[in-house]
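Now for the letters of each chain:
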Amino acid sequence: MKKRYLLAPGPTPVPESALLAMAAPVIHHRTPQFSEIFKETAELLKYVFQTKQDVLILAASGTGAMEGSITNLFSPGDEVIVVNGGKFGERWAKISEAYGLKVNMITVEWGKAVDPAAVKKILDEKPGIKAVMVQASETSTCAAHPVKELAALTKDRDCLLIVDGITAVGVFDLPMDAWGIDVLVSGSQKAFMLPPGLAFAALSEKAWKFQETAKCPRFYFDFKKERKNLKDNTTAYTPAVSLIIGLGEALKMIKEEGLQNVFARHDRLARSVKAAAKAMNLKLLAPDAPSNAATGVYVPEGVDGGKLVKYLRDEMGVTMAGGQDHLKGKILRIAHLGYVDTFDIIVAIASIEMALTKLGHKAELGKGVAAAQQILLEGYK
Ligand SMILES: *Cc1c(COP(=O)(O)O)cnc(C)c1O
């Protein structure tokens, strides 16, 4: 027997209550029964997004909401700024270019956060810029960008701040309305504790104004149409019925814990992993701007990171993520977002110590675990 643990930055573990709810026989989506669930769920989403605006629910992975944010708000030839500090920043640029937008790329060293001054400089030089696109949490490098500072830059300009919050919403504080974020997107398989398949997007009043004149081609991801349907407690096309029922359960859990407590839990888990990394002499990938969603560490000299990830997964049953592109084989990403608590961290750290030992790296067993435990104790009376 091998018990499996999912500690990757998406998909993340799904709580039992959501699994059970999703296992129920499928109900028809054009019924009062489904509309009632949909209405309640859409309301709870606003709480997690910290907004008064509607949160659109799309049947897609997170990228669908990213694409829709571009096609619904811009026209070919529009000029935008993309903060590219990893694989997901790169994705903003790729989608923008696919629809004929002109991209001003700010390339950020992997593991670092963007300097708001670099964004301000382009905004000042080019008053025609229509948007700044960024990740609140760049999952590929485990770094967080300064969204609040960026929102202060776009607030009084005719320019939108578009934030990929796919590993940030429900992880750390990202108050959409209070900070002036114009578009906030997320996806089901991260902090929302669900299987992949749902994408979310919320738009500010300012963003909805952009929607009125945007000319990019679009069909399935038609935000205006979805917003109209949402008012009638439904979606334009067949919703992912079971996932939305699961979402209702997951959101109730978040509401019950309380958003601030959810953030505090993620913060505690993140700090415990960082303390463990320090005790294990593992260098952090994003020491200056770490995201509370996942912690990236460089694997020790002489250890093949690819082999480590495989050993953890195939031999020990613990799935974590490695690195992409130039970080392939060099890093390990330990996720701590969503349905994750104290003893998931113990599993993560203990398995890393054991796997490294098995792969020939000399390390004292238990040092990382003990360091994590010190922090994790804060979670108990
Ligand atoms: C997971 C993720 C995405 C979306 O990826 P999908 O595979 O389309 O769900 C986008 N941005 C970030 C930061 C992510 O972590």
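What you see is a predicted model, and the numbers here were worked out from it, not measured in a lab. (Residues numbered from 1 in each chain as written. Predicted model: local features only at pLDDT ≥ 70, side-chain atom pairs only at ≥ 80, totals over all residues. Heavy atoms only, no water.)

A. The arrangement of the side chain of R333 in detail. Tracing the sequence through the fold places R333 in strand β13 (residues 331–335). E138 provides the closest opposite charge to the buried, salt-bridge-free R333, at an N-O distance of 7.1 Å. Of note is the side chain of R333, whose polar atom sits 2.9 Å from the backbone oxygen of T139. Side-chain polar atoms of R333 contact the backbone oxygen of G322, separated by 2.7 Å. Setting aside chain neighbours within four positions, we find R333 in contact with L7, P9, T139, S140, C142, T295, G296, M320, A321, G322 and Q324. (Helix = DSSP H or I, 4+ residues; strand = E, 2+ residues; numbered from the N terminus. Buried < 20%, exposed > 50% of the residue type's maximum accessible area, 1.4 Å probe, protein only. Lys, Arg positive; Asp, Glu negative; His and termini not counted. Salt bridge = Lys/Arg side-chain N within 4 Å of Asp/Glu carboxyl O. Polar contact = N/O pair within 3.5 Å; in protein donor to acceptor, adjacent residues only side chain to side chain. Contact = heavy atoms within 4.5 Å.)

B. Spotlight on the pairing of strand β4 (residues 102–107). Taken together, the six bridges between strand β3 (residues 79–84) and β4 define a ladder with parallel strand orientation. Note on β4: the bridge partner recorded for V83 is I106. (Pairing = 2+ DSSP bridges.)

C. Summary view of helix α10 (residues 241–257). Between the first and last C-alpha of α10 there are 25 Å, a value that for 17 residues agrees with the 24 Å anticipated at 1.5 Å per step. Here the buried face of α10 lies against α1 (16–22), α2 (32–49), β2 (55–59), β10 (198–203) and α11 (259–279). Just past α10, the residue G258 takes up positive phi, approximately 95°. (Expected span 1.5 Å × (residues − 1).)

D. Representation of empty space enclosed by the protein. Within this structure, the stated rule accounts for four cavities of 30 Å³ or more. Looking at which element gives the most residues to the lining of the largest cavity, the answer is β2, with three residues. Along the lines of polarity and charge, the residues of the lining of the largest cavity split into nine nonpolar, two polar and one charged. The volume enclosed by the second largest cavity comes to roughly 50 Å³. (1 Å grid on protein atoms, 1.4 Å probe; cavity = no way out; pocket = protein on both sides within 12 Å on 5 of 7 lines; lining within 4 Å. Points joined across faces, edges and corners; volume = space filled by probe spheres on them. Nonpolar A, V, L, I, M, F, W, Y, C, P; charged D, E, K, R; others polar.)

E. Region of the structure containing the side chain of Q211. Tracing the backbone shows Q211 in helix α8 (residues 205–213). Not counting the four nearest positions on each side in its chain, Q211 is found in contact with N72, L73, R218 and K224.

F. Spatial organisation of the site of the ligand. Of all residues adjacent to the ligand, which total 13 residues, the nearest are S61, T63, T139, D164 and K190. At 3.0 Å, a backbone N or O of G62 approaches an oxygen atom of the ligand. The side chain of T63 places a nitrogen or oxygen atom 2.4 Å from an oxygen atom of the ligand. Taken by itself the ligand offers 380 Å² of open surface, and the protein chains cover 88% of this. Within the residue set of the shell around the ligand, elements represented by two or more residues are α3 (62–71) and α4 (87–98). A breakdown of the residues in the shell around the ligand according to their chemical character gives three nonpolar, seven polar and three charged. (Near = heavy atom within 4 Å. Areas by Shrake-Rupley, 256 points an atom, 1.4 Å probe, with all protein chains shown as cover.)

G. The layout of surface pockets, seen in detail. The space that makes up the largest pocket amounts to roughly 420 Å³. Lining the largest pocket are 24 residues; nearest its centre among them are R265, Y339, V340, D341 and D344. When contributions to the lining of the largest pocket are tallied by element, the ones reaching two or more residues are β1 (5–6), α1, α10, α11 and α13 (342–358). Of the residues forming the lining of the largest pocket, the biggest block, four residues, is contributed by α11. By residue class, the composition of the lining of the largest pocket is 13 nonpolar, four polar and seven charged. Lining the lining of the largest pocket are residues from two domains, each supplying at least three of them: domain 1 (5–11 + 258–379) and domain 2 (16–256). Put simply, the second largest pocket is a space of about 190 Å³. (Domains from an automatic or database assignment.)

H. Inspection of the packing of α13 against helix α14 (residues 367–376) at higher detail. Running from amino to carboxyl end, α13 crosses α14 at an angle of 165°, the nearest separation of the two axes being 8 Å. With respect to each other, α13 and α14 are oriented roughly antiparallel. Crossing hand, α13 versus α14: right-handed. Residues T342, I345, I346, I349, A350 and E353 of α13 touch α14, and the partners they reach there are K367, G368, V369, A372, Q373 and L376. (Axes fitted to C-alpha atoms, helices over the stretch in contact; angles between N-to-C directions. Parallel < 35°, antiparallel > 145°, perpendicular 65-115°, else oblique. Left-handed = near helix turned anticlockwise from the far one by under 90°.)

I. Spotlight on the pattern of salt bridges. Tallying each qualifying case throughout the model produces 19 salt bridges. Between K102 and E79 there is a salt bridge whose closest N-O contact spans 3.8 Å. Taken together, the positions of K102 in strand β4 and E79 in strand β3 put the pair 23 residues apart, joining distant regions of the chain. On the basis of relative accessibility, which here comes to 19%, the residue E79 falls in the buried class. For K87, the salt bridge goes to E90, with nearest N and O atoms at 3.2 Å. Of the two residues, K87 and E90 are both situated in helix α4; the distance of three residues between them amounts to about one turn of the helix. Through salt bridges with shared partners, a single network forms among E43, K46, D54, R227 and K231.

J. Region of the structure containing the nonpolar core. Judged by nonpolar contacts, the single largest core of 99 residues is most densely connected at F74, V119, M133 and L174. Counting residues per element, this core draws most heavily on α10, at eight residues. Shared between two domains, this core takes at least three residues from each, and those domains are domain 1 (5–11 + 258–379) and domain 2 (16–256). In this structure, V119 is in contact with I81, V83, I106, V114, V132, L150 and L153, ignoring residues within four places of it in sequence. Core analysis: the next-biggest nonpolar cluster, separate from the first, contains 28 residues, A277, V309, I334 and A355 among them. (Core = buried A, V, L, I, M, F, W, Y, C linked by side-chain atoms within 4.5 Å.)

K. Looking closely at helix α12 (residues 305–315). Taken as a whole, α12 has its buried residues at G305, L308, V309 and L312. End-on view of α12: buried residues confined to an arc of 95°, all on one side of the axis. The inward-facing, buried residues of α12 abut β12 (318–319), β13 and α13. (Arc of directions from axis to C-beta.)

By themselves, these observations are geometric and do not establish any function.
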